[in-house]
Structures are given as C-alpha cells and as structure tokens.
Amino acid sequence: GAGVSQSPSNKVTEKGKDVELRCDPISGHTALYWYRQSLGQGLEFLIYFQGNSAPDKSGLPSDRFSAERTGGSVSTLTIQRTQQEDSAVYLCASSPKAGAYEQYFGPGTRLTVT
Amino acid sequence: AQSVSQHNHHVILSEAASLELGCNYSYGGTVNLFWYVQYPGQHLQLLLKYFSGDPLVKGIKGFEAEFIKSKFSFNLRKPSVQWSDTAEYFCAVTRYNTDKLIFGTGTRLQVFP
C-alpha cells in the first residue's frame, strides 16, 4: 500500500518568507509526527498528533513554527519568517495509533533558506 | 542530560566482517527501543524494535539487537556485513507514556567489497 508522502520534496526560500510543508500519512493511521534532520542537530522531534487529542508541541523550536492536522489525516507544518538555521530535512511519520507501534517515515522535504 | 548515545560515528568494514554498533540511553523506567536505517537517497526505515519480552530481537536483513537493561544498552549486531549494508544507522527510544522518538546522532557505516 501507499506509504507516507510529503510535498514538496525540495523547497528553496528566501530568508523571511513563510513556507508550508505537507504530509499525507498512511491511510488509517491516527498518529502523525514531524521531525527535523539537520547536520548540526541530528534528528529531532517537533510535534505529534494523536486522533482528536491536543498535539504535543514540545519539540517546536520557536513560535515561528506551527502545525495543524485537518480531518485527522493530512498535516501541514508552517514556518513563518524563515531563518537560515531552519534549513534542514523535515520528516513526517505516522503510526497506527499511539503507543508501542513502529513509526513509518516519509521521504522528507529538504528546505533550504537562502 | 537525558539522551541517546551512539558512540561510533563512522565505521568502515570489509564485506563479511562482523558488525556491532553501540547504543546507550540514559532514561529510567520503561522504554521502547528501535534501530532505524537510512540507505543513501532513501528514507528512514525500521530495522528492528524492542517493546517487551525476549531481550534479543531479530530484524530484517540479518540484523539483531540485544537489550541489556542493567547497562541501558541496545547494541545492533550483524555477523557478516554486505556492501549493501552501507547506510546510516540510528538508535531511537520512546519513553513510557510518550510516543516521540528520541534519536541518537547516528552511525555512518561504509562497507567495502
């Protein structure tokens, strides 16, 4: 079946612009996660959605970052007023539900802020 | 600080050599443990996982890992590596009652024919 998909695959933006990154989880998966992979910081958790519960936003690095999940499916990660340190690969993952389950990762969106 | 540590940053082996990659975590209480692999140009995929039960877990492609609770370790092993095992390997942990993966810094493995 289809895996986690993310779009765009690459995004180049100018410093100060806003960007939106999209994630389509595996159908039926109720848990959705965003991570960031960068040279300096490795792989870091950003935010997590589970069903209708309030999201766990504890990993968001600043208030410029936000995410939403519409209809329990597609999620959008928004970065406002991008900075060069936001350059990274943004990874989305989904799992069948919360708890001891494997997270399935998408291919990521490579964001470059110039 | 509480963390996941992978002490081997870059490992270079010849084909057929044995592999062991170290992973230690510093969280108390119940944890779930994972090894993920990222082949060149591909996305992260699960090699194996430990939730409970037999501390020796077997994963895909001949990999296995052993959970040693007293040492807070979850080392990855393979008796004979292949060129196709060239990849970056990440150890990760989720703590009881949370689901966010906490990753180690990764180990880059290069296998030469």
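These numbers come from a predicted model, not from an experiment.

Cut-offs applied
Residues numbered from 1 in each chain as written. Chains lettered and ligands numbered in written order. Predicted model: local features only at pLDDT ≥ 70, side-chain atom pairs only at ≥ 80, totals over all residues. Heavy atoms only, no water. Disulfide = S-S within 2.5 Å. Helix = DSSP H or I, 4+ residues; strand = E, 2+ residues; numbered from the N terminus. Buried < 20%, exposed > 50% of the residue type's maximum accessible area, 1.4 Å probe, protein only. Pairing = 2+ DSSP bridges. Axes fitted to C-alpha atoms, helices over the stretch in contact; angles between N-to-C directions.

**Student:** Please provide a residue-by-residue account of the state of the cysteines, values included.
**Tutor:** All chains considered together, the criterion is met by two disulfides over all chains. Across the disulfide from A:Cys23 sits A:Cys92; the S-S distance is 1.8 Å. On the sign convention where negative is left-handed, the bridge of A:Cys23 and A:Cys92, at about -65° about the S-S bond, is left-handed. Of the two residues, A:Cys23 is situated in strand 3 (residues 19-24) and A:Cys92 in strand 8 (residues 88-95); the sequence distance between them amounts to 69 residues. One exposure class covers both A:Cys23 and A:Cys92, and it is buried. Each disulfide pairs two cysteine sulfurs, and for B:Cys23 the partner residue is B:Cys91, the sulfurs being separated by 1.9 Å.

**Student:** With reference to specific residues and values, describe the pairing of strand 4 (residues 31-38) of chain A.
**Tutor:** All names here are of chain A. For strand 4, the tally of buried residues reaches eight of eight residues, placing the bulk of the element in the interior. The hairpin formed by strand 4 and strand 5 (residues 42-50) contains three residues between the paired strands. Bridge count for strand 4 against strand 8 is seven bridges, and the pairing is antiparallel. Considered in strand 8, the bridge of Arg36 is made with Tyr90.

**Student:** Residue-level account of the sheet that holds strand 1 (residues 5-7) of chain A, with values.
**Tutor:** All names here are of chain A. What the four strands build is an open sheet, ordered 1-3-7-6; its pairing is antiparallel. Both outer strands of the open sheet, strand 1 and strand 6 (65-69), are each paired with one neighbouring strand and no more. Averaged over all pairs of adjacent strands, the angle between strand axes in this sheet comes to 15°, irrespective of strand direction. With five bridges joining them, strand 3 and strand 7 (residues 75-79) adopt antiparallel strand pairing. Across the sheet, Val19 pairs through a bridge with Ile79, a residue of strand 7.

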